[in-house]
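# Results of the structural survey
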Amino acid sequence: MTDAPPSTLLADQTAYAEAVQLALDAAAAYYGDGTSALDDDAYDRLVRGIQAYEAEHPGEVLPESPTGKVAGGAVVGDVPHTVPMLSLDNVFGADQLADWAASLERRLGRPVSAWSVEPKLDGLAIAARYRGGRLAQLVTRGDGTAGEDVSHAIGTVVGLPSRLAEPVTVELRGEVMMTAEQFEQACAKRQAHDGTTFANPRSAAAGTLRAQDRPYVCELTFFGYGALPHPGDDSEAAARLRELPHSEVMAWVAAQGVRTPAVTEVGGIVATTLEQVQERVEQIAARRAGLPFGIDGIVIKCDLAADQAQAGFGTRAPRWAVAYKLPATEKITRLVGVEWNTGRTGVIAPRAVLEPVELDGSVVTYATLHNASDIARRGLMLGDHVTVYKAGDVIPRVEAPVVHLRTGDERPIPIPEVCPTCGDAIDASQERWRCVRGRACRIIASIGYAAGRDQLDIEGLAEKRIRQMLDAGMIGDFADLFFLTREQLLSLERMGSTSTDNLLAAIERAKSQPLSRVFCALGVRGTGRSMSRRIARHFGSMDAIRAADAEAIEVVEGIGPKKAPSVVAELVELAPLIDKLVAAGVTMTEPGWRPPALPVTDADSDPGSDPGSGSDVQEAPGAGGTSGSPLAGMSVVVTGSMSGALEALTRNEMNELIERAGGKASSSVSKKTSLLVAGENAGSKRAKAESLGVRIVGPEEFAGLVGDLL
Ligand SMILES: NC(=O)c1ccc[n+]([C@@H]2O[C@H](COP(=O)([O-])OP(=O)(O)OC[C@H]3O[C@@H](n4cnc5c(N)ncnc54)[C@H](O)[C@@H]3O)[C@@H](O)[C@H]2O)c1
Ligand SMILES: [Zn+2]
């Protein structure tokens, strides 16, 4: 995890004043009805810019500036808080967490022996006041000193029972939010009501909590994270709550029938060392994408009441707790187009084309939209600002339009009337649309894929041609291409003798493509270009691949026990096709391959894997020497546009080159990266490589390195 993220640069006093106003407006909308024009990342960048400006120009600080306040710009209510409801300070990585803990321990004069580690729920803070065990009042955080009464929401919040197990008087604090399911329901209700939806679960929760005159009711969920007796309460129960460690307070809250994160897979734990804290942080971060609700970090607190009491509070946040922020998983960007594609089973699905936006470490240009009814359900329009979600390996998806940002220029999304792949009819009887040809539809696409530049590279085989051949019954799969006769081709409409001869020559050339490309052409699920190269290099021949069982295939890096059985099963299904390719004389071996003589140790491979299995990259040791493998043992990443001798190479061809040179091609920069080839317009990968001290070369220098192999 990284250092504090970037901030908006404010050049002068005017820019500063404008930024303050923009932040105030955004926060008022954010804490109010949830209709901020900024996503959290943009807002945070703005506030950091304001902070930086103020640090340099202390004389110009505006009194209304949001910095140093609990929720600058939020609606302040008229219900005073018994104890201020503060915000949390942030850390952005293990080092900053260690610094924070060290300074806290210095303040306490002793080590902290117990840390509580909880998810940071991404909703709105709320105080739920119980009197004699009955839920009496709900109050928002407001500016931390006073909040708004939102008791009208009582009865709509799951997890906040109207009665506790014990007849106690206590204020429970926690987060009100919408689960994914509640968000779906809320969107459906609003859609039915006015044809629009909420932008995301958080803003839906904010708007819902304060809404009083909506004709429809949406459900919310509460997750508790604290319990306070009234300051004046000197009962035994109150005294006990003040003395219990935080973790035990939370157990008590749960025992009262109130929902806490304990019922989720990211429930609070107590850690005794910072290593354990960090371990839990990573666990929670890894589980984030699969959670049915949003989190934006992890909260780390002193567990012991004595530590908390001694550390006390600053004006904006407690000193005994900190938020370990996770990268934003949602951004606002624009929907510029929608593409429709037919999948291998004939399912027709739309895909959103977005104005590129950086999200959770990568630039997102496309996002899934699931199906046509999803578009209708969300009321999406072309040109809309949309919220886009992505976390971890999850495929980015469009969540919803941001309706309050509409300008009136948005247009309806064109919905296809025929299959976008084959032009035949669409079966729209179910939510998931299908081409009436079903799997057969994809034959065109899969033959096109097999003939593609990175696979068999058969030039001159346009989709229209494939369709003609299929319709004429000349081919049923791509292996049949190798048996086409000149007469057959000439019989096709608009097929002259020159193009026929060119096509036949291209097909003939395809027979000598290496195994890696032939295997890739098969289109086995989960085996794209680089995986196909790894498989080909591991086994060396199609016979060896076909003879392998799941156990033998799973050792290929990146396949693993989950994917292996389906690869084996698909290869069995493909047997007739492969036999035909063999009969046609297509190459079934990987040039230069030699059987693994010695198990090669590779820093990137799983140390636990069977040493006899030779799962590693074959580096052709011995003969051939280093001149044949100038990149032996190196993990290489390519970014930016290539130039000079490399200009014409696709990214796939660059990766092939790297691997021919004995290296391992990778798509992301990490500590394990040995070399970054950075061309023009290299962006974040270059920056990351610089910060990690990874060696960086330009395209020319790289071409020199691999010289003979080009
Ligand atoms: N998009 C916008 O326009 C906009 C405007 C204002 C603020 N914001 C966002 O809000 C953030 C600042 O907001 P903030 O001060 O409200 O809160 P915060 O997100 O910085 O953290 C404090 C809050 O975390 C919550 N929390 C969740 N789990 C908790 C737990 N286990 N223990 C204790 N507290 C827990 C509490 O509600 C607490 O008030 C900014 O980082 C920004 O991203 C966005
Ligand atoms: Zn079709």
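Residues numbered from 1 in each chain as written. Chains lettered and ligands numbered in written order. Predicted model: local features only at pLDDT ≥ 70, side-chain atom pairs only at ≥ 80, totals over all residues.

## Structural notes on the UniProt feature "binding site: NAD(+)" (unreviewed entry) in the chain
Note the threshold: UniProt positions are given in the numbering used here, feature names are shortened, and annotations may be inferred rather than shown by experiment. A run of H or I in DSSP counts as a helix once it spans at least four residues, and a run of E counts as a strand once it spans at least two, with each numbered from the N terminus. Residue pairs qualify as contacts under a 7 Å threshold applied to their C-beta atoms, which are placed from the backbone.
In this structure's numbering, the residues bearing the UniProt feature "binding site: NAD(+)" (unreviewed entry) are Asp40, Asp41, Ala42, Tyr43, Asp44, Ser87, Leu88, Glu118, Arg141, Glu175, Lys301 and Lys325. The annotated residues occupy 286 residues of the chain and do not converge on a single region, their most distant C-alpha atoms lying 27.4 Å apart. Assignment of secondary structure puts Lys301 in strand E11 (residues 295–302). When sequence neighbours within four positions are dropped, the list of residues in contact with Lys301 reads Trp115, Ser116, His246, Trp320 and Ala321. With respect to the secondary-structure elements, Lys325 resides in strand E12 (residues 321–325). Here Lys325 is in contact with Asn90, Phe92, Asp296 and Gly297, once residues within four sequence places are set aside.

## Quick notes on the domain arrangement of the chain
This is how it is decided: In this entry, domain limits derive from an automatic or database-based domain assignment.
Split by domain assignment, the chain resolves into domain 1 (13–60), domain 2 (79–325), domain 3 (330–427), domain 4 (438–510) and domain 5 (619–710). The C-alpha centroid of domain 5 is placed 42 Å from the C-alpha centroid of domain 1.

## Remarks on the packing of helix H1 (residues 13–31) against helix H2 (residues 40–56)
Rules: Lines are fitted to the C-alpha atoms to define the axes, a helix being fitted only along its stretch in contact, and any angle between axes, read from their N-to-C directions, falls within 0 to 180 degrees. Here roughly perpendicular refers to angles of 65 to 115 degrees, roughly parallel to angles under 35, roughly antiparallel to angles over 145, and oblique to all remaining angles. Handedness of a helix crossing follows the sense of rotation of the near helix relative to the far helix, less than a right angle counterclockwise being left-handed and clockwise being right-handed. Ten residues, namely Ala, Val, Leu, Ile, Met, Phe, Trp, Tyr, Cys and Pro, are considered nonpolar, four, namely Asp, Glu, Lys and Arg, are considered charged, and the remaining ones, Gly among them, are considered polar.
Between H1 and H2, whose axes approach to 10 Å, the crossing angle comes to 140°. Here H2 runs oblique to H1, going by the angle between their axes. Where H1 crosses over H2, the handedness of that crossing is left-handed. Facing Tyr16, Ala19, Val20, Leu22, Ala23 and Ala26 of H1, the residues of H2 in contact are Tyr43, Leu46, Val47, Gly49, Ile50 and Tyr53. Residues belonging to the contact of H1 with H2 are distributed by class as follows: 11 nonpolar, one polar and no charged.

## A short note on the nonpolar core
Here is a general trend for soluble globular proteins: nonpolar side chains tend to be buried in one another's company. The cut-off we apply is this: In these notes, a nonpolar core means any group of buried Ala, Val, Leu, Ile, Met, Phe, Trp, Tyr and Cys residues linked to one another through C-beta atoms within 7 Å. Any residue surrounded by 20 or more other C-beta atoms within 10 Å of its C-beta is treated as buried, while 12 or fewer makes it exposed and the intermediate range makes it partly exposed; C-beta atoms here are placed from the backbone.
Of all hydrophobic cores here, the largest spans 98 residues; its most connected members are Ala23, Ile50, Val176, Ala205 and Val388. Sorting elements by how many residues they give to this core places H1 first, with eight residues. In this view, Val176 contacts Gly123, Leu124, Ile126, Val157, Ala205, Leu209, Leu220 and Phe222; residues no more than four positions away in its chain are not counted. In terms of nonpolar packing, the next biggest core, distinct from the first, is built from 50 residues, Ala450, Ala510, Cys520 and Val586 among them.

## Re unusual backbone geometry
Negative phi values dominate among residues other than glycine, just as trans dominates among peptide bonds. At Asp457, a position not held by glycine, the phi torsion is positive, near 55°. By secondary structure assignment, the location of Asp457 is in the loop between helix H11 (441–450) and helix H12 (463–471). Note on Asp457: 15 C-beta atoms within 10 Å, which makes it partly exposed. Although it is not a glycine, Arg494 adopts a positive phi angle of roughly 55°. Tracing the chain through its elements places Arg494 in the loop between helix H13 (486–490) and helix H14 (497–510).

## Topic: the site of ligand 1
Under the convention used in this document: Any residue whose C-beta atom, as set from the backbone, lies within 6 Å of a molecule or strand is reported as near that molecule or strand.
Ligand 1 sits among 21 residues. The nearest are Ala26, Ser36, Asp40, Ser87 and Ala125. Looking at the shell around ligand 1 residue by residue, the class counts come to 12 nonpolar, two polar and seven charged. Here the shell around ligand 1 spans two domains, since at least three of its residues come from each of domain 1 (13–60) and domain 2 (79–325).

## Points about the sheet that holds strand E22 (residues 675–678)
Put simply, the rule reads: In this scheme, strands are said to pair when DSSP sees at least two bridges between them.
Taken in spatial order, the four strands of this open sheet run E21-E20-E22-E23, and their pairing is parallel. If you trace the sheet from one side to the other, it starts and ends with strand E21 (664–666) and strand E23 (695–697), each paired once. Shown here is a sheet whose adjacent strand axes are inclined to one another by a mean of 30°, direction ignored. Contacting strand E20 (635–639) and E21, helix H22 (residues 651–660) crosses the sheet at an angle of about 150° to E21. Running over the sheet, helix H23 (residues 684–692) touches E20, E22 and E23 and is turned about 145° from E22.

## Quick look at the UniProt feature "active site" (unreviewed entry) in the chain
As recorded in UniProt, the sites labelled "active site" (unreviewed entry) are Lys120. Structurally, Lys120 is set in strand E3 (residues 115–121). Each residue touching Lys120, except ones within four places of it in the same chain, is listed here: Ile295, Asp296, Gly297, Ile298, Val299 and Ala323.

## Some details on the pairing of E12
Looking along a regular strand, one sees side chains alternate from face to face of the sheet. Summarising burial for E12: four of the five residues are buried, a large majority. Here two bridges tie strand E2 (residues 90–91) to E12, and the two strands are oriented parallel to one another. Paired with Val91 across the bridge in E12 is Tyr324. Note: E11 against E12, five bridges, orientation antiparallel. What sits directly across from Val299, in E12, is Ala323.

## Topic: the sheet that holds strand E9 (residues 220–228)
As summarised here, the arrangement of the five strands in space is E5-E4-E8-E9-E7, forming an open sheet in which the pairing is mixed. Looking along the sheet, the strands with just one partner apiece sit at the ends: strand E5 (134–140) and strand E7 (157–158). Sheet strands touched by helix H5 (residues 201–210): strand E4 (124–131), strand E8 (170–177) and E9. Its angle to E8, the strand with the most contacts, is close to 130°.

## A look at the environment of Gly633
Looking at the secondary structure, you find Gly633 in the loop between helix H21 (625–628) and E20. Here Gly633 falls in the partly exposed class, since 17 other C-beta atoms lie within 10 Å of it. The spacing of Gly633 and Tyr366 is 267 residues in sequence and 34 Å in space, taken between C-alpha atoms.

## Structural notes on H11
Most of H11 is tucked away: seven of the 10 residues are buried. Within H11 the residues assigned to the buried category are Cys441, Arg442, Ile443, Ile444, Ile447, Gly448 and Ala450. Buried residues along H11 sit in contact with strand E13 (330–342), strand E19 (434–435), H12 and helix H15 (515–521).

## Considerations on the pairing of E13
Pairing between E13 and strand E16 (residues 385–389): five bridges, direction antiparallel. Residue pairing across strands places Glu330 opposite Tyr389, the latter belonging to E16. For E13 and strand E14 (residues 348–359), the ladder comprises seven bridges, and the chain directions are antiparallel. Within the sheet, the bridge partner assigned to Thr342 lies in E14 and is Ile348. A loop of five residues connects E13 with E14, the two strands running antiparallel in sequence, and Gly346 in this loop sits at a positive phi of about 95°.

## Details of the packing of helix H4 (residues 180–194) against H5
For the pair H4 and H5, interaxial distance at closest approach is 10 Å and the crossing angle is 65°. For H4 against H5, the interelement crossing comes out left-handed. Where H4 abuts H5, its residues Ala180, Phe183 and Ala186 lie against Pro201, Ala204 and Thr208. Grouping the amino acids of the contact of H4 with H5 by side-chain chemistry returns five nonpolar, one polar and no charged.

## Here's the deal with the confidence of the model for the chain
What counts is decided by this rule: The predictor's confidence in any single residue is recorded as pLDDT, a number from 0 to 100.
When pLDDT is averaged along the chain, the result is 90; 95% of the residues meet or exceed 70. Every residue in residues 598–627 scores below 50 in pLDDT, and together they form 38 contacts with partners more than four places removed in sequence or on other chains. Scoring the predicted complex yields pTM 0.70 and, for the interface, ipTM 0.96.

## Brief notes about the environment of Ala128
Summarising the element assignment, Ala128 is placed in strand E4. In this structure Ala128 comes out as buried when scored by C-beta crowding, with 25 C-beta atoms within 10 Å. Along the backbone, Ala128 and Ser541 are 413 residues apart, and their C-alpha atoms lie at a distance of 67 Å. Residues contacting Ala128, with those up to four places away along its chain left out, are Leu135, Leu138, Leu160 and Leu172.

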